[in-house]
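# Structural characterization, general
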Amino acid sequence: METGLAAMTFDENQRKSLIEGVALQVIAHADELTSLDQAIGDGDHGVNMKRGFEAVLADLDSHVAKPLPEALKALGMTLVMKVGGASGPLYGTLFMTLGKELPAEPSAEDLVRALGAAIDAVKARGKSDVGQKTMIDVLVPVLDALAAGEEPRAAADRAAEATIPMQAVRGRASFLGARSIGHMDPGARSSALIVTAAAEVLEKRA
Amino acid sequence: MSANVGIVIVSHSADVARGTAEMVRQMVGDEVSLAFCGGDPGGGLGTNVESIMAAIDSAWSEKGVAILVDLGGAETNSEMAIEMQPRERQSRIVVCNAPIVEGAVMAATEASGGAPLEDVQRTAEELYPG
C-alpha cells in the first residue's frame, strides 16, 4: 500500500521512533496548542498535553519494551493519569482502545478497523460526534483517508482547518456559543499533530 | 460511616473542592463519608483521574458513592475513574448532573438519612429542572 501501513513487524526501535516522534511533535507545538485554547477554551491544552507526553518520554524505555498493543495501552494509561483536563481521558481512551484492538503486527486493514473502534470509544467518552468542533472532526477524515488507501497527513491538516468555521457544542468552547466560530479547535489541532508525526515515522519505515 | 452513601466532590479548583466539602460538613454533619479533590496533576487548575480514584476509595461505602463535579473535564475524568474501579464497584458509583455546591449539600443531606444511591442522585439532580 502507498500509505506504508501494510503489515510489518514493529521491533523495539520502531516502537521507540513511533512513540518518541509523536511525543516530541506534541511537546514542540505546546505553545501553539495553548494559544488556540486561550481563544476558545481555558488555555491549558498545550501545558496539559506537554505534561502528558513528557511523562510518556520519561517512561519511554518501559513502554517500548512491550509489544505494540501493550505499549499503546501503557501510553494511553500514562496520558489518562498525567494530562489532566478532559483531554487526558479522551486521548487515553484513543490509545488504550488502539492497543486493545491492534495485533502486534498490524496490517493496513487492522489499523482501519482499530482506529474505527478507537474513534467510537472517544465519541462515547466525550459524548460527542462529527461536526461538533472536536478531535473527532480530524480523526474521522483520517480514518476515511486510511480506509481509501490514502496518505493521512493532508486529510488531517485539512480537517483541522475545517474546524475553524464550526461552532462548538461540547467542552468549554461550547460556553462561547457562536463566538467559538473562527478559531481552530485545539483538540483537532493536537490530533492532526499526532497523526502527522505517526504517519511520518511509518512512512520512513516503509 | 459506611452505612450511608458516600459523597465525592470533584472541582477544577482545590479551593472550591475544599470549600464545598466544608459547607457539607457544617450543614449536614459527619454521618456521610466525604472526600474531595481538585487541581490537575501539575498542581494547576484542572482535574485528574488519580486523585478522583483516591477520593472514591476514601469515601467508599457499600451503599455506593455519588460524585458532584463542576465543569466538563471533571465529569470526563470522573467517568474514567469509575471505569478504572473494580467491576463490582462500578455500578454503585454515579456522577450527578447537578451544580457542585448545592448538589453536594443536597446529596449529602439525603445520604445522611440513609437513602439509597438512586434517591441521593435524584435529589441532587432535581436542582437542574428538565
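First, a word on what this report is: a plain description of the structure on this page. (Residues numbered from 1 in each chain as written. Chains lettered and ligands numbered in written order. Predicted model: local features only at pLDDT ≥ 70, side-chain atom pairs only at ≥ 80, totals over all residues.)

### A look at the overall build of chain A
Regarding its fold elements, chain A presents ten helices and zero strands. Ordered by position from the N terminus, the helices and strands of chain A form the series α-α-α-α-α-α-α-α-α-α. Referenced to the eigenvectors of the C-alpha coordinate spread, the extents of chain A come out at roughly 45 × 35 × 25 Å. When burial is assessed residue by residue, chain A has 53% of its 206 residues classed as buried. Intrachain contacts of chain A at a sequence separation of at least 6 include 64% that bridge at least 24 residues. (Helix = DSSP H or I, 4+ residues; strand = E, 2+ residues; numbered from the N terminus. Buried ≥ 20, exposed ≤ 12 C-beta atoms within 10 Å, placed from the backbone. Contact = placed C-beta atoms within 7 Å.)

### Thoughts on the nonpolar core
Within the largest apolar cluster, 102 residues are counted, with the highest numbers of intra-cluster contacts made by Ile7, Ala66, Ile67, Leu68 and Ala107 of chain B. It is helix H10 (residues 186-205) of chain A that contributes the most residues to this core, ten residues altogether. Once residues within four sequence positions are removed from consideration, Ala107 of chain B is found in contact with Ile7, Ala66, Leu68, Cys96, Val120, Thr123 and Ala124 of chain B. (Core = buried A, V, L, I, M, F, W, Y, C linked by C-beta atoms within 7 Å.)

### Concerning the interface of chain B and chain A
Each partner contributes residues to the interface: chain B has 15 residues there, and chain A has 16 residues. Among the secondary structure elements, those contributing two or more residues to the side of chain B that touches chain A are helix H2 (49-59) and helix H3 (72-83) of chain B. When residues of the side of chain B that touches chain A are assigned to their parent elements, the largest contribution, five residues, is made by H3 of chain B.

### Structural notes on the environment of Leu115 of chain A
All names here are of chain A. Along the chain, Leu115 falls in helix H7 (residues 108-126). We classify Leu115 as buried; it has 23 C-beta atoms within 10 Å. For the pair Leu115 and Asn13, spaced 102 residues apart in sequence, the C-alpha to C-alpha distance is 23 Å. Once you skip the residues sitting within four places of it in the chain, Leu115 turns out to touch Leu98, Leu143 and Leu146.

### Notes on the pairing of strand E2 (residues 34-38) of chain B
Residue and element names in this part refer to chain B. In terms of burial, E2 is a largely internal element, five of the five residues being buried. Burial of the side chains of E2 extends over both faces: Leu34, Phe36 and Gly38 are buried on one face and Ala35 and Cys37 on the other. As paired elements, strand E1 (residues 6-11) and E2 share five bridges and run parallel to each other. The residue of E2 that forms the bridge with Val8 is Ala35. As a crossover connection, the stretch from E1 through helix H1 (residues 14-28) into E2 is right-handed. (Pairing = 2+ DSSP bridges. Right-handed = clockwise from strand over helix to strand, strands pointing away.)

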